[in-house]
Amino acid sequence: MKKLLLSNAAEVVTFMGETAKKGSEMSKPLVIKNGCVLINGETIEAVFPISEISRFDTANAEIIDCTGKTVTSGFIDCHTHFIFGGYREEEFNDRLNGMSYMEIMRRGGGIVNTVSKTRAASIDELFFEGKKRLKQYLEYGVTTIEGKSGYGLDIDTELKQLSVMDKLNNAQPVEIIQTYMGAHATPKEFDSADRYIDFIIEKVLPQIKEKTKAEFCDVFCEKNVFDVAQSVKLLTAAKKMGFGLKMHAEEIVPLGGSGVACEMGAVSVEHLLHIDETNIDKLSKSGTIGVLLPATAFSLKEPYAPARKMIDNGCAVAVASDLNPGSCYTQSIPLIIALSCMYMNMTIEETLCALTLNAACAINRGGNIGSLEKGKQADVVIHGVPSIKFLSYNFCVNHAQTVIKKGQIVLNKI
Ligand code: NIG
Ligand code: FE
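Treat the numbers as computed from the prediction; the structure is a model and nothing was measured.

Cut-offs applied
- What you see as residue numbers is a count from 1 along each chain, following the sequence as written.
- Here chains are named by letter from A upward and ligands by number from 1 upward, in the order in which they appear as written.
- Local features in this predicted model are restricted to residues whose pLDDT is 70 or higher, and side-chain atom pairs enter the listing and the counts only when it is 80 or higher, whereas totals over whole chains, interfaces and linings include all residues.
- Side-chain metrics in this entry use all non-hydrogen atoms of the structure; hydrogen atoms and water are not considered.
- Joining through side-chain atoms within 4.5 Å is the link that ties buried Ala, Val, Leu, Ile, Met, Phe, Trp, Tyr and Cys residues into a set, and such a set is a nonpolar core.
- Only protein chains enter the calculation, and the probe is 1.4 Å; a residue is then buried if its accessible area is under 20% of its type maximum, exposed if over 50%, and partly exposed in between.
- It only takes one pair of heavy atoms within 4.5 Å for two residues to be counted as in contact.
- What counts as a helix is a DSSP run of H or I of at least four residues, what counts as a strand is a run of E of at least two, and both are numbered from the N terminus.
- Working rule for helices: expected span equals 1.5 Å times residues minus one.
- Taken from the helix axis, the directions to the C-beta atoms give the arc we talk about.
- Note on definitions. A residue lies near a molecule or strand when any single heavy atom of the residue is within 4 Å of it.
- Each polar contact in these results corresponds to two N or O atoms within 3.5 Å; when the atoms are within protein, one needs to be able to donate a hydrogen and the other to accept it, and residues that are neighboring in sequence are counted only if both atoms are side-chain atoms.
- Residue-level accessible areas treat just the shown protein chains as cover; the underlying method is Shrake-Rupley with a 1.4 Å probe.
- Residues are grouped as follows: Ala, Val, Leu, Ile, Met, Phe, Trp, Tyr, Cys and Pro are nonpolar; Asp, Glu, Lys and Arg are charged; all remaining types, including Gly, are polar.
- Coordinating N, O and S atoms are those within 2.8 Å of the metal (3.2 Å for Na, K and Ca), and as water is not part of the atoms, a site may appear to have fewer donors than expected.

(A) A look at the nonpolar core. Ranked by internal contacts, the top residues of the largest apolar core, which has 117 residues, are Phe82, Leu205, Leu292, Met310 and Met346. In this view, Phe82 contacts Gly130, Arg133, Leu134, Ile145, Gly147, Met165, Leu168, Ile176 and Leu323; residues no more than four positions away in its chain are not counted. Leu6, Ile64, Leu372 and Ile404 belong to the second-largest nonpolar core, a separate cluster that totals 16 residues.

As structure tokens, then:
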């Protein structure tokens, strides 16, 4: 098996283990000065300071000199809507001119606007645009993303979105974990959200289970979208069918869905801009991860999720992009790091945890990715800076220089 040695990094920084870090554990990474990562085939063989190199068989390894650089686990974007047809740049302008996201939605824009364009798009068009977005992700050091359907709403288009993700998974290096999110909006063919939820449960979920690789079922629990009772009905059915559960909650109006999702054993609750103390408490006592999306708050000019309060109260927090054509059209990891540190008051260590191990756990992959340790998949980023502190200090700049996915160098800018 071919070996690769990342040698003498100024810092190798990683969280350890297979489960999400909660509260103060999020600020305690392992930092190895003059660190090395030895990769054997697709897997990490060892992580150690260069002073211990004689203990390892590196004789035939290809060497990458990491002097003066920082090595971390590949970033994981655990919440995206990256497959969609068309764009909504006019709506973005309307928002700049003062119209709210919900007003645009009431006027017939918003998610249903993208639904029409996604239904009309061919597989090739969705594939081509999706591939460009993934290439940009890779540039930022992202090695795995979650992708949600939810811009088809009818069976055929939901299946089309998921099949495009499957095709892309085999066509480029960024690994894609699929989520079915038919409960993103009620399509115009249905006169009530209740009837649409019943349709999903009876007609769509069985097909998603049989024909796709979707692992999770997500729902937009929001005023005028799906209420808590409708969301619970759907997630209860999805759980019985073996899907992992996710919920968009407390994004615009706090309905309290997040606490209920935690009690149902959801893998993650996401957005949480308006989460209150009762639900923070429920989240902290659960095994659920709070996925925060600061670029969406930035784009909607809404207040940021109370990350500091959540972490101080013992929650496990991940951060992600929420890339989508409406509320947040960006996949900029440097922006997300900057917003996490400067507006959500997270430290860079907590932010790293939120983008690696906790993000891996938010897609049920903590056993395989998210940290640099023996036996995990070799997904690694070499950053052209001497410590992780520079990722927040030299903000909004992309520092990812070399990206390794499953032991292969898939991007090298030096
Ligand atoms: O996560 N909140 C729901 N869904 C997306 C927005 C989708 C859209 O506007 O197209 C979000 O913000
Ligand atoms: Fe989202």
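(B) Structural context of helix H4 (residues 123-139). For H4, spanning 17 residues, the distance from its first C-alpha to its last is 24 Å, which sits close to the expected 24 Å at 1.5 Å a residue. Listed as buried for H4 are Leu126, Phe127, Gly130, Arg133, Leu134, Tyr137 and Leu138. In a view along the axis of H4, the buried residues occupy a sector of 145°, so they form one face of it. Away from the buried face of H4 by more than 90 degrees, exposed residues Asp124, Phe128 and Lys135 are located. Gly141 occupies a position one or two residues after H4 and carries a positive phi of about 90°.

(C) Structural view of the site of ligand 1. Neighbouring ligand 1 are 15 residues, the closest being Tyr101, Tyr151, His184, Glu251 and Ser327. Note that an oxygen atom of ligand 1 is positioned 2.7 Å from one of the side-chain N or O atoms of Ser327. Computed on the free molecule, ligand 1 has an accessible area of 320 Å², of which 100% lies beneath the protein chains in the complex. Residue classes in the shell around ligand 1 are distributed as four nonpolar, eight polar and three charged.

(D) Quick look at the coordination of the iron ion (ligand 2). Looking at the metal site, the iron ion (ligand 2) is ligated by His79 (NE2), His81 (NE2), His248 (NE2) and Asp322 (OD), spaced 2.1 to 2.3 Å from it. Within one chain, the residues donating to the iron ion (ligand 2) are spaced in sequence as H-x1-H-x166-H-x73-D. With His79 in the loop between strand E6 (75-77) and helix H1 (89-96) and His248 in strand E10 (residues 244-249), this pair connects stretches of sequence that are 169 residues apart. Considered together, His79 and His248 belong to a single accessibility category, that of buried residues.

(E) Inspection of the environment of Leu355 at higher detail. Among the secondary structure elements, Leu355 is positioned in helix H13 (residues 348-355). Spatially, the C-alpha atoms of Leu355 and Ile333 are 9.1 Å apart, while their sequence positions differ by 22 residues. Non-local contacts of Leu355, meaning those with residues more than four positions away in its chain, are made with Gly74, Phe75, Ile76, Val319, Ile333 and Ile337.

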